[in-house]
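The residues making up each chain are set out below.
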Amino acid sequence: MRRDYRRRIDVNVEELDRVIDETEKGPLSEADRQKLKTTLHALVESLERRRNNEKTNAVLGDQNTPAPAEEAQPEESESKPAGHGRNGANAFRGAEKIKIAHANLQSGNRCPDCGRGNVYEQKEPKVLVRIVGQAPLAATVYELERLRCNACGQVFTAQEPEEVGSEKYDETAAAMIAQLKYGSGVPFHRLEQLEEMLGIPLPAATQWEVVEEAAEIMKPARDELIRQAAQGEVLHNDDTSMRVLRLAREPSDDRTGVFTSNILAITAATHKIALYFTGRQHAGENMADVLKQRAQELPSPIQMCDALSRNTPKAFGMEILLANCMAHGRRQFVEIAPNFPDECRYVLESLGEVYRNDAMAREQSHSAEDRLRLHQKQSGPVMEQLHAWLEAQFAEKRTEPNSGLGKAITYLLRHWKGLTAFLRHAGSPLDNNICEQALKRAVLHRKNALFYKTLNGAQVGDLFMSLIHTCRLCDANSFDYLTELQKHAGELAARPAEWMPWNYRETLGQQ
């Protein structure tokens, strides 16, 4: 539906009152009529509920929804009542747990109330959750007493506590600064202001020195992540724009853009690895650099990306099974749905069947091969019928190729082989959404910090984003992980494969 854009007219409430009062004397003038009409439409548009998702019902409405006059009275719901919305004790995975024994009773003691039975420990204890506030980085000042001899002048100083350590900023300080900066998007200067208000001076320059030193220690972990990602069965990739203020370029380099690429690998052990690379290279070039470490005996990996040519490695000696993002193709029809509702509904509902089949395979924990057979049996006929319908739109001249619908259809037909890779290759995903979600880490940094100052700063940020987001994908505590990597720098450098987010706790348990 084409929107009728109207010329902007500045009005105020007094002027609208005057226009309405004029109706008592006679018909409105053309100028007043247009002014009142424009104001009314502006009010309606401001009150219009905006669509906040791309689901088919949200885009085109539910055809099965009855009219208000025909709506039946709601029946009593037999579903489970809504919860209270609070987090239970099990949700606090990072909380310190303290067991408190009963002061007077032990399991097996005689009941002090009735005196006839014995008391026994219950399976589930009563739990209390108490949350305290504290500064992101706290400081402790140790005042060591000093004594001086009035005869010889010798000064005797109290012994330092063993837990003090030799460094002013310990491993947890570096881990917290990195977590806030590269995991939560808190710029150095904002953290500096917060800590200053809490009485802890922490200059932005000092924060950078701390995380830069920690990054040097953690490089073996990042390099091992790259090596293991190269062996992945499925690799997603995409990029987003980024700014690096001081980026030296070769004289022959005519590129002007800077990008942060994300490569998200899923390995045979179902580990998910997120890698970030910032610089002049596109996502496809960074993908090629990662795959140089792939073992030659492994089969060809599946690459999932959108249809931009820069996402695919160029002049690469390894065969890659290319799969294109169905969500990108679907979005083409979401954007034009108001203008072509019937045609877009058919396409969106057809793709919706494919996604429902994929959800079914996920709920039933199908293997990659079982999932492939399910899609071939149930999604294959749907996609064949959709392909025939798309071709018929042009062959039978139902759709103008240069229209919005024509361009959306052309996109699907042009990339049909990549969009239907899930019907040929076991494990091929439907879309690249998981990679786009991972890229939001870089977008959050760009939104809050605006830029990296140097390429070295960008590489430090890429390292921490890679470690932190991989921890998130593996359901590991990223703060604890960054802390332990620093505490065991020697072991990390010698055996980095034992210090991955998914196995470092086991390694610690063996020491």
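Residues numbered from 1 in each chain as written. Predicted model: local features only at pLDDT ≥ 70, side-chain atom pairs only at ≥ 80, totals over all residues. Heavy atoms only, no water.

Draft legend 1. Spotlight on the overall build of the chain. On a plain count of helices and strands, the chain comes out with 17 helices and nine strands. Here the C-alpha atoms of the chain give a radius of gyration of 31 Å, more than 25% beyond the 24 Å that 2.2 N^0.38 yields for 511 residues. For the chain, the spread of C-alpha atoms along the three principal axes comes to 105 × 70 × 70 Å. Taken over 511 residues, the chain has a buried fraction of 37%. For the chain, the computed accessible surface area is about 33000 Å², with 49% contributed by carbon and sulfur atoms. (Helix = DSSP H or I, 4+ residues; strand = E, 2+ residues; numbered from the N terminus. Rg over C-alpha atoms; globule rule 2.2 N^0.38 Å. Buried < 20%, exposed > 50% of the residue type's maximum accessible area, 1.4 Å probe, protein only. Areas by Shrake-Rupley, 256 points an atom, 1.4 Å probe, with all protein chains shown as cover.)

Draft legend 2. Structural view of the sheet that holds strand S6 (residues 272-279). Taken together, five strands build an open sheet; the order of strands is S6-S5-S3-S7-S8 and the sheet is mixed. The strands lining the two open edges of the sheet, one partner per strand, are S6 and strand S8 (321-324). Going from strand to strand, the sheet's axes swing by 20° on average, the running direction of each strand aside. Summarising the sheet, strand S3 (residues 234-241) and strand S7 (residues 302-305) pair through three bridges and their orientation is parallel. Bridge pairing links Val234 to Ile302 in S7. On top of the sheet, helix H7 (residues 283-291) reaches S3, strand S5 (259-266), S6 and S7; it is set at about 140° to S3, its chief contact. Sitting on the sheet, helix H13 (residues 433-449) is in contact with S3, S5 and S6, with an inclination near 30° to S3. (Pairing = 2+ DSSP bridges. Axes fitted to C-alpha atoms, helices over the stretch in contact; angles between N-to-C directions. Contact = heavy atoms within 4.5 Å.)

Draft legend 3. Representation of the pattern of salt bridges in the model. This model, assessed by the stated rule, comprises 14 salt bridges. For Asp475, the salt bridge goes to Arg93, with nearest N and O atoms at 2.6 Å. Of this pair, Asp475 sits in the loop between helix H14 (455-473) and helix H15 (478-487) while Arg93 is found in the loop between helix H3 (56-60) and strand S1 (146-148), placing the two residues 382 residues apart along the sequence. Both residues of the pair, Asp475 and Arg93, count as exposed. (Salt bridge = Lys/Arg side-chain N within 4 Å of Asp/Glu carboxyl O.)

Draft legend 4. Spatial organisation of the side chain of Ser478. If you trace the backbone, Ser478 turns up in helix H15. Look at Ser478 and you get buried, because its relative accessible area is 12%. In this view, Ser478 contacts Gln179, Ile468 and Cys471; residues no more than four positions away in its chain are not counted.

Draft legend 5. Looking closely at the packing of aromatic side chains. Throughout the structure, instances matching the rule amount to three aromatic pairs. Judged by centre distance (4.9 Å) and plane angle (40°), the ring pair of Tyr346 and Trp389 falls under tilted. Of this pair, Tyr346 sits in helix H9 (residues 341-363) while Trp389 sits in helix H10 (residues 368-395), and the two are 43 residues apart along the sequence. Look at Tyr481 and Tyr504: their rings are 5.0 Å apart centre to centre, the planes differ by 65°, and that puts the pair in the edge-to-face class. Here Tyr504 lies in helix H17 (residues 504-509) and Tyr481 lies in helix H15, a separation of 23 residues in the sequence. The two residues Tyr481 and Tyr504 agree in class, both being buried. Seen from the ring of Phe188, Lys181 lies directly overhead, with NZ or CZ sitting 4.6 Å from the centre. (Phe/Tyr/Trp six-rings, centres within 6.5 Å; stacked < 30°, edge-to-face > 60°. Lys NZ or Arg CZ within 6 Å of the ring centre and 35° of its normal.)

Draft legend 6. Region of interest: the packing of helix H4 (residues 171-183) against helix H6 (residues 204-230). H6 packs onto H4 with a crossing angle of 105° between their chain directions and a minimal axis gap of 9 Å. By the angle between their directions, the pair H4 and H6 is classed as roughly perpendicular. Two secondary-structure elements touch here, H4 through Ala174, Ile177, Ala178 and Tyr182 and H6 through Gln207, Trp208, Val210, Val211 and Ala214. Residues that form the contact of H4 with H6 fall into these classes: eight nonpolar, one polar and no charged. (Parallel < 35°, antiparallel > 145°, perpendicular 65-115°, else oblique. Nonpolar A, V, L, I, M, F, W, Y, C, P; charged D, E, K, R; others polar.)

Draft legend 7. Local environment of the layout of surface pockets. Volume-wise, the largest pocket comes out at about 2300 Å³. Lining of the largest pocket is provided by 43 residues; of these, Ala95, Glu96, Lys97, Ile98 and Leu128 occupy positions nearest its centre. For the lining of the largest pocket, the elements supplying multiple residues, two or more each, are H4, H14 and H15. Here the residues of the lining of the largest pocket are counted per class, giving 21 nonpolar, 10 polar and 12 charged. (1 Å grid on protein atoms, 1.4 Å probe; cavity = no way out; pocket = protein on both sides within 12 Å on 5 of 7 lines; lining within 4 Å. Points joined across faces, edges and corners; volume = space filled by probe spheres on them.)

Draft legend 8. Highlighting unusual backbone geometry. A positive phi angle, near 65°, is found at Thr270, a position not held by glycine. Residue position: Thr270 is located in the loop between S5 and S6. Residue class for Thr270 comes out exposed when judged on its relative accessible area of 64%. Of note, the phi angle at Lys397 is positive, near 55°, even though the residue is not glycine.

Draft legend 9. Geometry of the environment of Leu144. Position of Leu144 relative to the elements: it lies in the loop between H3 and S1. Judged by relative accessible area, Leu144 falls into the partly exposed class, the value being 31%. Each C-alpha atom, one on Leu144 and one on Phe156, is 10.0 Å from the other, the two residues being 12 residues apart in sequence. Dropping the residues within four chain positions of it, Leu144 is found in contact with Thr157, Ala158, Gln159, Glu160 and Pro161.

Draft legend 10. How the structure looks around the environment of Asn448. Assignment of secondary structure puts Asn448 in helix H13. Between the C-alpha atom of Asn448 and that of Pro187, which follows or precedes it by 261 residues, the distance is 6.5 Å. Asn448 has contacts with Gly185, Pro187 and Arg190, leaving out every residue within four places of it along the chain. Of the polar contacts made by the side chain of Asn448, one reaches the backbone oxygen of Gly185; its length is 3.5 Å. (Polar contact = N/O pair within 3.5 Å; in protein donor to acceptor, adjacent residues only side chain to side chain.)

Draft legend 11. Molecular detail of the nonpolar core. In this structure, Tyr182, Leu275, Phe464, Leu467, Tyr481 and Leu482 are the most contacted members of the largest nonpolar core, which totals 58 residues. Formed by 26 residues, the second largest nonpolar core is a distinct cluster that contains Val59, Ala337, Met383 and Phe422. (Core = buried A, V, L, I, M, F, W, Y, C linked by side-chain atoms within 4.5 Å.)

Draft legend 12. Spatial organisation of the state of the cysteines. If you walk through the whole model with that rule in mind, you get zero disulfides. As a non-bridged cysteine, Cys114 has Cys111 as the owner of its nearest cysteine sulfur, 3.8 Å distant. Left without a disulfide partner, Cys471 is nearest to the cysteine sulfur of Cys474, which lies 7.1 Å away. (Disulfide = S-S within 2.5 Å.)

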